[in-house]
Structures are given as C-alpha cells and as structure tokens.
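The primary structure of each chain is shown beneath.
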Amino acid sequence: MPNAKAFAASSATSPLALSNIPRREPTDRDVEIDILYCGVCHSDLHQVRNEWSAVPTTYPCVPGHEIVGRVTKTGSAVTKHRVGDVVGVGCLVDSDQKCPSCAANREQFCPHATFTYNSPDKHGTAPVTYGGYSTSIVVNEHFTLKVPTNLNLAGVAPLLCRHHHLLAHPWLGRCEG
Ligand SMILES: [Zn+2]
Ligand SMILES: [Zn+2]
C-alpha cells in the first residue's frame, strides 16, 4: 500500500503535524492524484476541532476538500482522465451510485455518500477517509473534475469547496462553515 505525507491532527486540541498516511492502489475506476494545491477551509478547522456534534471526528484527522492535482495513475476502466491531466476533487469521493439521489446527480444526498475526509473508508485503507492536506489521493473518477490548465491552479483550489452541498446536507443541517 503506498504512503503519502500528510498534515494530520491527532486530537481536537493538537496542531496539525507532518505524518504518513496510507493510500490505496487505484482500483478500476480510480485515479491517483499528485496533489498540487489544497484550499484551507473553515470546515476543515471545524472538523479538526471536533466542533460538529452530528459528525464526530475520528483521529488522526487529515482535512482538505479543495484539491487540485495531476493524475499520476489510472485504473483500467477509467475513461475521463489520463496520466498528466489536471483534476479537482471537492468534498465528496464516493456514493452508492444506486439510489434516487445518485440517479439525479445529487450524490450529496446519497445515504451512502463518502466525504473526502472523516467518512468511513469503504476501501478499508484506513478507518476514515483522509483529505487533501497530503501529497496524494486516490479517488473514483466520477468524483473528479477536469481543470483547464490555463487557469491559476492555486486560485482554482478554493472553487472546489462545495459548501452548498454541505449546507443542504441532512446530516449537517445549517452550518456556517
Ligand atoms: Zn446514492
Ligand atoms: Zn471548503
């Protein structure tokens, strides 16, 4: 299992510290992304400090859901991206792809949505998903966006914040992240 370097919080009161986290080998539909930029969002701070009672934080916590990076590896069934493409990842990395919400392209309402960090990791790579304050991430291509390379990529990262998804999410209710 490959490792990535990451900034992780080990408790609600500790600062982020450099550490190593596991990343999975890409499955058929996954892309492996070398992270170039990741926005720092108020939601990240809330999660690190365990300030959302509806979504208790599992530690270590690696936040970051405004990710821009370059594809370094693709699974055998990936069609959207090739190695070298610049892509973005927001706050969702998986869903069941079966329910009415997913069928309507509203994966944020999926009862089995996986958030980019602090969600149970369906792949079992770690207890929970780890976000973009790291050197790499592996994501199902369905939850990636192609980023035009003529844009300022550092400026693109914060655009990946999908707060409207979170604000509307029944688990979180109204959050002022
Ligand atoms: Zn679904
Ligand atoms: Zn954000």
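Look up: the structure comes first, before these words.
What counts, and where the lines are drawn
- The residue count restarts for each chain, going from 1 along the sequence in the order it is written.
- Throughout, the order in which chains and ligands are written sets their labels, letters from A for the former and numbers from 1 for the latter.
- Given that the model is predicted, a residue must reach a pLDDT of at least 70 before its local features are reported, and side-chain atom pairs must reach 80 or more before they are shown or counted; all residues, however, enter totals for whole chains, interfaces and linings.
- Only DSSP runs of H or I covering at least 4 residues are called helices, and only runs of E covering at least 2 are called strands; the numbering of each starts at the N terminus.
- C-alpha atoms define the radius of gyration, and 2.2 Å times the number of residues to the power 0.38 defines the globule rule.
- In this scheme every C-beta is placed from the backbone, and a residue whose C-beta has 20 or more other C-beta atoms within 10 Å is buried, one with 12 or fewer is exposed, and one in between is partly exposed.
- Each nonpolar core reported here comprises buried Ala, Val, Leu, Ile, Met, Phe, Trp, Tyr and Cys residues connected via C-beta atoms within 7 Å.
- Throughout, a residue-residue contact means that the two C-beta atoms, derived from backbone geometry, are no farther apart than 7 Å.
- A pair of strands is labelled paired if DSSP reports no fewer than 2 bridges between them.

Caption draft 1: Highlighting the overall build of the chain. Per the secondary structure count, the chain includes four helices and nine strands. Ordering the α and β elements of the chain from the N terminus gives β-β-β-α-β-β-β-α-β-β-β-α-α. For the chain, the C-alpha radius of gyration of 15 Å lies close to 16 Å, the compact-globule estimate for 177 residues. Dimensions along the principal axes, computed over C-alpha positions, put the chain at roughly 40 × 40 × 35 Å. Looking at the chain as a whole, 38% of its 177 residues qualify as buried.

Caption draft 2: Focus on the nonpolar core. One finds Ile 33, Val 62, Ile 67, Val 89 and Val 139 to be the most contacted residues of the largest nonpolar core, which totals 34 residues. Put simply, the parts of the chain that give this core at least two residues each are β1 (3–8), β3 (30–38), β4 (67–74), β5 (86–89), β6 (92–94) and β8 (136–140). Among the elements that line this core, the one with the most residues is β3, at four residues. In contact with Ile 67, other than residues within four places in its own chain, are Ile 35, Cys 38, Gly 88, Val 89, Gly 132, Ile 137, Ala 157 and Leu 160.

Caption draft 3: Structural detail: the sheet that holds strand β9 (residues 145–146). What the five strands build is an open sheet, ordered β8-β3-β4-β5-β9; its pairing is antiparallel. Two strands close off the open sheet at either side, each with one partner strand: β8 and β9. In terms of strand pairing, β5 meets β9 through two bridges, oriented antiparallel. Paired with Val 87 across the strands is Lys 146, a residue of β9.

Caption draft 4: Quick look at unusual backbone geometry. Tyr 59 connects to Pro 60 through a cis peptide bond whose omega is 0 degrees. Along the chain, the position of Pro 60 falls in the loop between α1 (42–48) and β4. Its identity as a non-glycine residue notwithstanding, Asn 105 has a phi of 60 degrees, on the positive side. Note on placement: Asn 105 falls in the loop between α2 (100–103) and β7 (114–115). Of note, Asn 118 is a non-glycine position whose phi angle comes to about 60 degrees, a positive value. Looking at the secondary structure, you find Asn 118 in the loop between β7 and β8.

Caption draft 5: Quick peek at the environment of Gly 84. By the secondary structure assignment, Gly 84 is in the loop between β4 and β5. Residues Gly 84 and Ser 19, spaced 65 residues apart in sequence, show a C-alpha to C-alpha distance of 26 Å. The contacts of Gly 84, once residues within four sequence positions are left out, are Arg 70 and Val 71.

Caption draft 6: Representation of the environment of Lys 98. Summarising the element assignment, Lys 98 is placed in the loop between β6 and α2. Since 10 C-beta atoms lie within 10 Å of it, Lys 98 is described here as exposed. Residues Lys 98 and Pro 22, 76 residues apart in the sequence, show an inter-C-alpha distance of 28 Å.

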